[in-house]
Structure formats: C-alpha cells, structure tokens
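# Notes for the structure review
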Amino acid sequence: MTTAIAGVAPATEREVTIMSVWPSIASTAYGRWWGRRFESEIGFSFLGIPLTLGRLMALVSIPFILPAYFHMLIPRIPFVIAGIPNGACRRYRLTNKRVIVELPFGGGEQQAVSLDRFDSVTLEVVPGQGWYPAGDLIFRNGQIETLRLSGVPHPEPFRQTCLKAHQIYVGVQKARAMGVAV
C-alpha cells in the first residue's frame, strides 16, 4: 500500500482510482431492445411464482444475450491478451481528478471529464434499462452535457461517489485559491 488510507492521495501528487464500474449490456441498443421485452408483465401467478411473458423471454433469450455480453468483456480481439483493442469492452473509472471512459488493460482513454468540469450528475433510465437495473449518468456543467456514461449498473452509488469526489476536489481547489491549503 502506497498511501496511509487506501485510494486517498493528493490530486497534486498523482491520479488514484476511487471506483471503477463496468457497463452492463443495457448500454447497448441490443441489450435495451431485449430489456424492453423482459419488462412485459403479461402473465399469471402459479403457486405464488409470477409467470410472465417477460420472464419467459428472458429464459429463451439466453443463447442470444450471452454472446453479446461476453463480447463486452473481451479486451482484445481475436485473443484476450493479443490482438486489436475491442471498443465494446470499456469501463468507467472515477479518480481523484476526473471521470474516465477507457478501454481496460492498457487499451487507452476514450473520454474524460475533470471533476471541476461538472456541477451536477443526473440519472436517466432509458426504456429497456429498468429491467437490468441500470441507467445513464449525465454529467452537466450548467445546461451543458460534458459526459454521458451509458448503462451503468446500479447507478446511484456511483453517482453519489462522483458527486462526493467532485465536492472534495472543488473544495480543495477553493481552499488553495484562498491560501488556506497547500
């Protein structure tokens, strides 16, 4: 361990990961299409077990969903370690300086926004994401959308962590500007 508290380091020293999230299949149009089908509540209860059309479709769709799901997990094509980077395999990483959309395992950064370049993070659940449960996190600076993270699984904890990291980062910058912090 290189710091006194795991994951805590001054932003002036180096960039440290606070939290990482891998997008769910709800980040793809294909996954959302299936999610809208799975949300169907048409059906009945048998011995207290709800048998709905959506649940039946979820079982039937397994052979169609699994290849798309595993495609999102493979960092390089045709092999996991060697090959070209897979653009569908990405992760969302919150650091002590910014929020990053990146290809994992050295694949590179696709998008990023500094923690002082947004003032709010809103959650939007697009049709088809509710079944998974997932949603899009939208980072805004005033009315301007600075970054959108699509298909974040269980998005509220990640949203809250991003807002707390933003508050701390901006607070330290203000303290430095006033001459209170080093």
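In this section: the sheet that holds strand S11 (residues 144-153). What the 3 strands build is an open sheet, ordered S9-S10-S11; its pairing is antiparallel. Bordering the open sheet on either side are strand S9 (120-124) and S11, each of which pairs with just one other strand. When strand polarity is set aside, the average angle formed by the axes of neighbouring strands in this sheet is 25°. For strand S10 (residues 134-141) and S11, the ladder comprises 7 bridges, and the chain directions are antiparallel. Bridging across to S11, alanine 134 finds its partner in proline 153.

Moving on, we come to the nonpolar core. In this structure, Val99, Phe139, Leu149 and Phe158 are the most contacted members of the largest nonpolar core, which totals 18 residues. Mapped by element, the contributors of at least two residues to this core are strand S6 (91-95), strand S7 (98-103), S10, S11 and helix H4 (155-178). If you tally residues by element for this core, the top one is H4, at 4 residues. Residues in contact with leucine 149, not counting those within four places in the same chain, are Tyr92, Val99, Val101, Gly135, Asp136, Leu137, Phe139 and Phe158. In this structure, Ala26, Phe38, Met72 and Tyr132 belong to the second largest nonpolar core, which totals 9 residues.

Before going further, it helps to spend a moment on a nonpolar patch on the surface. Taken together, Ile42, Leu53, Leu56, Leu59, Val60, Ile62, Leu66, Tyr69, Phe70 and Leu73 make up a surface patch of nonpolar side chains, about 950 Å² in accessible area. For the nonpolar patch, the elements supplying multiple residues, two or more each, are helix H2 (53-60) and helix H3 (62-71). Note that valine 60 resides in helix H2.

Tracing the sequence through the fold places serine 27 in the loop between strand S1 (17-21) and helix H1 (29-38). At 2.9 Å, the side chain of serine 27 forms a polar contact with the backbone oxygen of serine 24. Setting aside its immediate chain neighbours within four residues, serine 27 contacts Arg32, Met72, Arg90, Ser150 and Gly151.

This brings us to the sheet that holds S7. The 4 strands lie next to each other as S1-S6-S7-S8, forming an open sheet whose pairing is antiparallel. The sheet is open, and its two edges are formed by S1 and strand S8 (108-114), each paired on a single side. Pairwise comparison of adjacent strand axes, ignoring direction, gives a mean angle of 20° for this sheet. One ladder, built from 4 bridges, connects S6 with S7; its direction is antiparallel. Residue arginine 91 lies in a different strand from S7, and its bridge partner there is glutamate 102.

Note on pairing: side chains with opposite charge can pair once their charged atoms come close. Evaluated as defined, the whole model comprises 8 salt bridges. In this structure, aspartate 136 and arginine 148 form a salt bridge, with 3.4 Å as the shortest nitrogen-oxygen distance. Of this pair, aspartate 136 sits in strand S10 while arginine 148 sits in strand S11, and the two are 12 residues apart along the sequence. Given the relative accessible area of 5%, aspartate 136 is considered buried. Three or more residues are tied together by salt bridges with common partners; here these are Glu124, Asp136, Glu145 and Arg148.

The rules behind the values
Residues numbered from 1 in each chain as written. Predicted model: local features only at pLDDT ≥ 70, side-chain atom pairs only at ≥ 80, totals over all residues. Heavy atoms only, no water. Pairing = 2+ DSSP bridges. Helix = DSSP H or I, 4+ residues; strand = E, 2+ residues; numbered from the N terminus. Axes fitted to C-alpha atoms, helices over the stretch in contact; angles between N-to-C directions. Core = buried A, V, L, I, M, F, W, Y, C linked by side-chain atoms within 4.5 Å. Buried < 20%, exposed > 50% of the residue type's maximum accessible area, 1.4 Å probe, protein only. Contact = heavy atoms within 4.5 Å. Patch = residues over 30% accessible without salt bridge, like charges linked within 9 Å, V, L, I, M, F, W, Y side chains within 5 Å. Areas by Shrake-Rupley, 256 points an atom, 1.4 Å probe, with all protein chains shown as cover. Salt bridge = Lys/Arg side-chain N within 4 Å of Asp/Glu carboxyl O. Polar contact = N/O pair within 3.5 Å; in protein donor to acceptor, adjacent residues only side chain to side chain.

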